[in-house]
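Notes for the structure review
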Amino acid sequence: MKLKIDKFVLSIIGTILIAYFFPQWGVQDSEIPIDTISAVGISLIFFFYGLKLNPTQLKTGLKNWKLHLLVQGATFLMFPLLVLLFRPLIQSEEQEVIWLAFFFLAALPSTVSSSVVMVSMAKGNIPAAIFNASISGIIGILITPLWMGLFVTNEQTDFDFTAIYLKLIIQIILPVLLGLLLQRYLGAFVQKHSSKLTLFDKSIILLIIYKSFAVSFNDQIFTAVSILDLAVIFIGVLFLFGIAFWLTGFLSRKLKFNLKDQITAQFCGTKKSLVHGTVFSKILFGNIASLGVILLPLMLFHATQILIISIIASKKNRLDT
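In this report, the structure presented in the accompanying data block is examined. (Residues numbered from 1 in each chain as written. Predicted model: local features only at pLDDT ≥ 70, side-chain atom pairs only at ≥ 80, totals over all residues. Heavy atoms only, no water.)

1. Structural notes on the pattern of salt bridges
Following the criterion strictly, the structure yields one salt bridge and no others. The closest approach of N and O atoms between Arg87 and Glu96, which form a salt bridge, is 3.4 Å. (Salt bridge = Lys/Arg side-chain N within 4 Å of Asp/Glu carboxyl O.)

Structure follows, in structure tokens:
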């Protein structure tokens, strides 16, 4: 089987390299208003997200409640609890930051587009995948900040629930609601230009990633992250994905799901959204210097989940044809 390297993963690597060699464009006193551009971009991403949500599909999807409970339980409970098991092992401030980065990854919602695409490729339950991936993003707006509020201290960042939820309402919830209200008028237009909007989404994500890493490189934050730490982070990402994938598969079989629902449970319940991660990191952590480190496990997980799920989906597709 011939493997294709995801172009977006390559774009992320390229963006990090640009941030390393040209960090001056992303620092606080830069003449380029990256913060303003990314703030407007975030609101537009979730406005288009609201336009893409189909109320009819969401209502239909409510019927398969056992599958939905498993997917959302895996996304918002199983992942954080798995990472919590390793909290007693923390012995230094650097390890605390790395653990917090993993916990942030674990608290995030599932990704939308790639979940649905991979479920479709593996011939799983596509309507259920659309429902779970869509509703996960909405739940995450509420749940992710609550999880993070348990462990983010004022010393690490100015974590104020009132300010954070105000930002979430203005930048995310209101645009989603506006998109839902206009869905019947602009929904068809958005679906027609979906590929262009996806390109816009990815461009804003890359801009946020650049800003995060530029600040981290400029402040020499990564000098505290050794090669051993990077290896541990990558092994941790593989372990987290592997155990989550196995557990969702085990539980779906115990619940006697059919093959299509098993595929959907494993593919949707083990994905984490880079879109929500980069957006939430901006809102939850602001411009703290260690933001690049906070995003590192998420980006490694993103690349890993795309690679592994693509291989599994392709294999299931071949076996079924």
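2. A word on the environment of Gly14
Its location among the elements puts Gly14 in helix 1 (residues 7-21). Note on Gly14: relative accessible area 25%, which makes it partly exposed. Taking the C-alpha atoms as reference points, Gly14 and Leu206, 192 residues apart in sequence, are found 9.5 Å from one another. (Helix = DSSP H or I, 4+ residues; strand = E, 2+ residues; numbered from the N terminus. Buried < 20%, exposed > 50% of the residue type's maximum accessible area, 1.4 Å probe, protein only.)

3. A look at unusual backbone geometry
One non-glycine residue, Lys256, lies in the positive phi region at around 60°. Within the element layout of this structure, Lys256 appears in the loop between helix 11 (227-254) and helix 12 (259-269).

4. Digging into the packing of aromatic side chains
The final tally for this structure, using the stated rule, is 14 aromatic pairs. Ring plane angle 85° and centroid distance 5.1 Å describe the contact between Tyr20 and Phe21, whose orientation is recorded as edge-to-face. Comparing Tyr20 with Phe21 shows no difference in burial state: the two are exposed. In this structure an aromatic cluster arises from ring pairing among Phe79, Phe241, Phe245, Phe267 and Phe301. Here Lys272 stacks its cationic end above the ring of Phe79, 4.5 Å away from the centre of that ring. (Phe/Tyr/Trp six-rings, centres within 6.5 Å; stacked < 30°, edge-to-face > 60°. Lys NZ or Arg CZ within 6 Å of the ring centre and 35° of its normal.)

5. Focus on the nonpolar core
Among the nonpolar cores identified, the biggest contains 73 residues, and Phe104, Met148, Ile172 and Phe267 are the most heavily contacted of them. Ignoring sequence-local partners within four residues, the contact set of Ile172 consists of Ile42, Phe46, Ile141, Lys167, Val279, Phe280 and Ile283. Phe48, Leu51, Val190 and Leu197 belong to the second-largest nonpolar core, a separate cluster that totals five residues. (Core = buried A, V, L, I, M, F, W, Y, C linked by side-chain atoms within 4.5 Å. Contact = heavy atoms within 4.5 Å.)

What is shown is where atoms sit, not what they do.
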